[in-house]
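# Working through the structure, step by step
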Amino acid sequence: MSLSEEMIQEAQPYLIANEKHPFVQGIIKGQLTPAQLQYYDRQDIAFEYNEVAVITALVNASTSTEQALLFQKRLTLQLSMLKDWLKREPADGPHDWESLKQAPIQPINQLYRQHMVATIPTHSVLQILPSFAAGEWMYIELGKFMETQTRVETEPFRSFLTLSNQDFLGPRGYIQQFFDIIDHEAQTASTQEQQRAKATFLKSCLLEWYFWDAAYKQITWENWQTMALKGQAGLGL
Ligand SMILES: Cc1ncc(C[n+]2csc(CCO)c2C)c(N)n1
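Residues numbered from 1 in each chain as written. Predicted model: local features only at pLDDT ≥ 70, side-chain atom pairs only at ≥ 80, totals over all residues.

### Here we look at unusual backbone geometry
Our working rule: Numbering of helices and strands runs from the N terminus; a helix is a DSSP stretch of H or I covering at least four residues, while a strand is a stretch of E covering at least two.
Here the residue pair glutamate 155 and proline 156 is connected by a cis peptide bond, since its omega of 5 degrees sits within 30 degrees of zero. Looking at the secondary structure, you find proline 156 in the loop between α7 (125-147) and α8 (174-186). You will see that histidine 123, though not glycine, has its phi angle at about 50 degrees, which is positive. Within the secondary structure, histidine 123 is located in the loop between α6 (107-117) and α7. Even without glycine at this site, glutamine 218 takes up a positive phi of about 50 degrees. When you line up the elements, glutamine 218 lands in the loop between α9 (191-217) and α10 (221-229).

Right, dumping it as structure tokens:
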């Protein structure tokens, strides 16, 4: 079994957990509050800007010009998707990049972002790519799952986790090309390096679950602070 096949196989329990998360179920049933949706939106735009740094690092760490061009193409797509996203004006007012810069990065988002950027100093495609590819893989798989569900057809739920851009899919789609690169790089890596890459992939899958959870519960530094200073024990969020 190739390294990417091992990653995908071992990530299955995380995929199922993500499918079952009340936020994902809430998208299906159209049962999320504007505050939950707004929290997700703000945190996710900031998350995707952080991905720009990770994709840029992949361009730099590429082991062939072909790889560099693929990552560069993915980087351009990321920036154009972000541009479209920022252009949208949700009901609660415009969210241009200037005002988003003021939005605080909340705890789980910070943890996930730092997990990803921590791979950058390795200068290794095998270490950096799984941190990023896992999130992309998870969204693609959740998109396929959504197609099997009878879901609410009103916005904003209808477009959420809906596979629209075909560039991600198929044998020449981004995700398959990323897995092919992981397997190519694994050929010249030690067992320890391969295991580390897999652990990074799985940790991103776990943090995907916590990203939904943070939005569902609207976890902020402020309510963390309140809980701590009130002296309450446990994860009672
Ligand atoms: C928490 C979180 N994880 C991963 C992504 C990445 N992502 C989700 S959809 C998409 C484009 C493909 O449909 C990409 C890159 C994200 N935005 N938020």
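### Some details on helix α3 (residues 34-61)
Selection criterion: Expected span of a helix: the number of residues minus one, times 1.5 Å. Three exposure classes are used, all based on how many other C-beta atoms lie within 10 Å of a residue's own C-beta (placed from the backbone): buried at 20 or more, exposed at 12 or fewer, and partly exposed between those limits. By the convention adopted here, residues are in contact when the distance between their C-beta atoms, placed from the backbone, does not exceed 7 Å.
Under the 1.5 Å per step criterion, the end-to-end length of α3 is 40 Å for 28 residues, consistent within 8% with the ideal 40 Å. Among the residues making up α3, those that are buried are Leu37, Tyr39, Tyr40, Arg42, Gln43, Glu51, Val54, Ile55, Ala57, Leu58 and Ala61. Taken together, the buried residues of α3 touch α4 (65-87), α5 (97-102), α6, α7 and α9.

### Overview of the packing of α3 against α6
Inclusion rule: Between N-to-C directions, angles cover 0 to 180 degrees, with each direction set by a line fitted to C-alpha atoms, over the stretch in contact for helices. Orientation labels follow simple angle bins: below 35 degrees gives roughly parallel, above 145 gives roughly antiparallel, 65 to 115 gives roughly perpendicular, and whatever is left gives oblique. Each residue receives one of three labels: charged for Asp, Glu, Lys and Arg, nonpolar for Ala, Val, Leu, Ile, Met, Phe, Trp, Tyr, Cys and Pro, and polar for the others, Gly being one of them.
In contact at an axis separation of 10 Å, α3 and α6 are set at 10 degrees when each is read in the N-to-C sense. As summarised for this structure, α3 and α6 are arranged roughly parallel, according to the angle between their axes. For the pair α3 and α6, the contacting residues are Gln43, Ala46, Phe47, Asn50, Ala53 and Val54 in the first and Asn109, Tyr112, Arg113, Met116 and Val117 in the second. Partitioned by chemical class, the residues of the contact of α3 with α6 number 7 nonpolar, 3 polar and 1 charged.

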